[in-house]
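Examination of the molecular architecture
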Amino acid sequence: VWLVASMDLRKALDAVRQADPVLLALSLLPLAARFLIWNFKATRIARRHGQVRSMTVMRLILAGAFINLVTPTVKVGGGLYRAAGIRRETGWGFPRAYGWTLSDQVSNILGGLLLFGLTALAAGGRPFYWGGGVALFVVAMFFVLRSRFRREGGGRLRELLGPVLEPGTAELAGDVTLAALAWSMLCVACGLVFHALGSTAPLMQLSAMLAVGTTAGTLAGAGGLGVTELALIGLLTRAGIDPAVAAAGALLHRGILYAVVIIAGGFALLSNRRSSSG
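Residues numbered from 1 in each chain as written. Predicted model: local features only at pLDDT ≥ 70, side-chain atom pairs only at ≥ 80, totals over all residues. Heavy atoms only, no water.

A look at the pattern of salt bridges
Throughout the structure, instances matching the rule amount to seven salt bridges. Close ionic contact of Asp104 with Lys41 constitutes a salt bridge, the shortest N to O distance being 2.5 Å. On the criterion of sequence distance, the pair formed by Asp104 in helix H7 (residues 94-123) and Lys41 in helix H4 (residues 28-46) is long-range, its members being 63 residues apart. Per residue, the accessibility class of Asp104 equals that of Lys41, and both read buried. Taking the shortest distance from any N to any O, the salt bridge between Arg53 and Glu89 comes out at 2.8 Å. Residue Arg53 is found in the loop between H4 and helix H5 (54-70), and its partner Glu89 is found in helix H6 (residues 76-90); the two are separated by 36 residues along the sequence. Looking at Arg53, the relative accessible area reads 52%, which means it is exposed. Given a relative accessible area of 35%, Glu89 falls into the partly exposed group. (Salt bridge = Lys/Arg side-chain N within 4 Å of Asp/Glu carboxyl O. Helix = DSSP H or I, 4+ residues; strand = E, 2+ residues; numbered from the N terminus. Buried < 20%, exposed > 50% of the residue type's maximum accessible area, 1.4 Å probe, protein only.)

Have a look at this one:
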């Protein structure tokens, strides 16, 4: 509410009215691709522990995304829901079921860091260089420490991080790469929205700022509602994009994403409830 009240809505609405509807509609395609890639990666992880239907994983991902969006759980609620769903579907014990969720979430975090690091370095400028370097360093250190834990046993941490430690380095690298590819689809969708508004902002710069805004929103909980948009608008404005275009682009992109998650995720949630009750 504060975000909307502090904006010049008239200028933002004028920018929206002038947007190319074809490009706005096309931005739905990479959003769909994001969930398809995510589903492929999550199914790949699950099948290391047993046979799981890809459609089941897709429904759980969409329903989990819906829960994360509408509840202040900082991504925990959706993860627990997915763990309960995969346990009900396969009969796995809770450690294995939640281990699947944990493995998927860890690869998503690392994939996001990898993508941010690469796009930040490509965007250029001292802040981006520093941020991108730190992100890539964190990813590299994770793999180094993981190899050490696998070699030395890891003690009590091995029980906690078992699902992440068990796959080979090449397998985990593949998961992280797929996660980065899925995140990149979100960046492409955002780029299409800003292109529809007539903005010429470089895609790499948009991608790096989107990563920062999304991270801020995740830490704030409730799917990042308001916080992500505020951070993104502020970053875009500081990067020299017209404030009205920055506000219109951020709100349009996030609004389209929220609509997809609410409609598809809500349908998946209802579908899961029907299948469990049946």
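Let's talk about the state of the cysteines
Throughout the structure, instances matching the rule amount to zero disulfides. Of all cysteine sulfurs, the one in Cys187 lies closest to Cys190, which takes part in no disulfide; the gap is 7.3 Å. (Disulfide = S-S within 2.5 Å.)

A closer look at the nonpolar core
One recurring pattern in soluble globular proteins: nonpolar side chains tend to sit buried together. Residues Phe35, Ile86, Trp100, Leu197 and Leu236 are the most contacted members of the largest nonpolar core, which totals 61 residues. Per-element tally for this core: the top contributor is helix H13 (residues 243-277), with 11 residues. Setting aside chain neighbours within four positions, we find Phe35 in contact with Met58, Ile61, Leu62, Ala65, Val260 and Val261. Within the second largest apolar cluster, eight residues are counted, among which are Leu102, Val106, Leu172 and Val176. (Core = buried A, V, L, I, M, F, W, Y, C linked by side-chain atoms within 4.5 Å. Contact = heavy atoms within 4.5 Å.)

Comments concerning helix H10 (residues 169-196)
Owing to its 3.6 residues per turn, the α-helix brings residues three or four apart onto one side. Between its first and last C-alpha atoms H10 spans 41 Å; for 28 residues at 1.5 Å apiece the expected length is 40 Å, and the two agree. Residue Gly198 follows H10 closely and has a positive phi angle near 90°. (Expected span 1.5 Å × (residues − 1).)

A short note on the confidence of the model for the protein chain
The predicted coordinates of low-pLDDT regions are not to be read in fine detail. Confidence in the prediction of the protein chain, expressed as mean pLDDT, is 84, and 86% of residues score 70 or more. Averaged pLDDT values over the elements of the protein chain bottom out at 61 in helix H9 (residues 156-165) and peak at 95 in H4. (pLDDT = per-residue confidence, 0-100.)

Observations concerning the side chain of Arg34
Relative to the elements of secondary structure, Arg34 occurs in helix H4. Lacking a salt bridge, the buried Arg34 has Asp104 as its closest oppositely charged neighbour, with an N-O distance of 9.4 Å. (Lys, Arg positive; Asp, Glu negative; His and termini not counted.)

Comments concerning the packing of H6 against H7
Their axes nearest at 8 Å, the elements H6 and H7 cross at an angle of 135°. As summarised for this structure, H6 and H7 are arranged oblique, according to the angle between their axes. The two elements H6 and H7 cross, and the hand of that crossing is right-handed. Mapping the contact onto sequence places Gly79, Leu80, Arg82, Ala83, Ile86 and Arg87 in H6 and Phe94, Ala97, Tyr98, Trp100, Thr101, Asp104 and Gln105 in H7. (Axes fitted to C-alpha atoms, helices over the stretch in contact; angles between N-to-C directions. Parallel < 35°, antiparallel > 145°, perpendicular 65-115°, else oblique. Left-handed = near helix turned anticlockwise from the far one by under 90°.)

Some thoughts on the packing of aromatic side chains
When we look at a pair of aromatic rings, we describe it by the centre distance and by the angle of the planes. Tallied over the full model, the rule gives three aromatic pairs. When the ring of Phe35 is compared with that of Trp38, the centres are 5.9 Å apart and the planes differ by 15°; the resulting orientation is stacked. With Phe35 and Trp38 both in helix H4 and three residues apart, the pair spans about one turn of that helix. Here Phe35 and Trp38 have matching classes, each one buried. Judged by centre distance (6.1 Å) and plane angle (85°), the rings of Phe142 and Phe143 are edge-to-face. Residue classification places Phe143 among the buried positions, given a relative accessible area of 18%. The aromatic ring of Phe35 is capped on one face by Arg34, whose charged end is 5.3 Å from the ring centroid. A cation over a ring is seen here: Arg82 above Trp100, with NZ or CZ 5.4 Å from the ring centre. (Phe/Tyr/Trp six-rings, centres within 6.5 Å; stacked < 30°, edge-to-face > 60°. Lys NZ or Arg CZ within 6 Å of the ring centre and 35° of its normal.)

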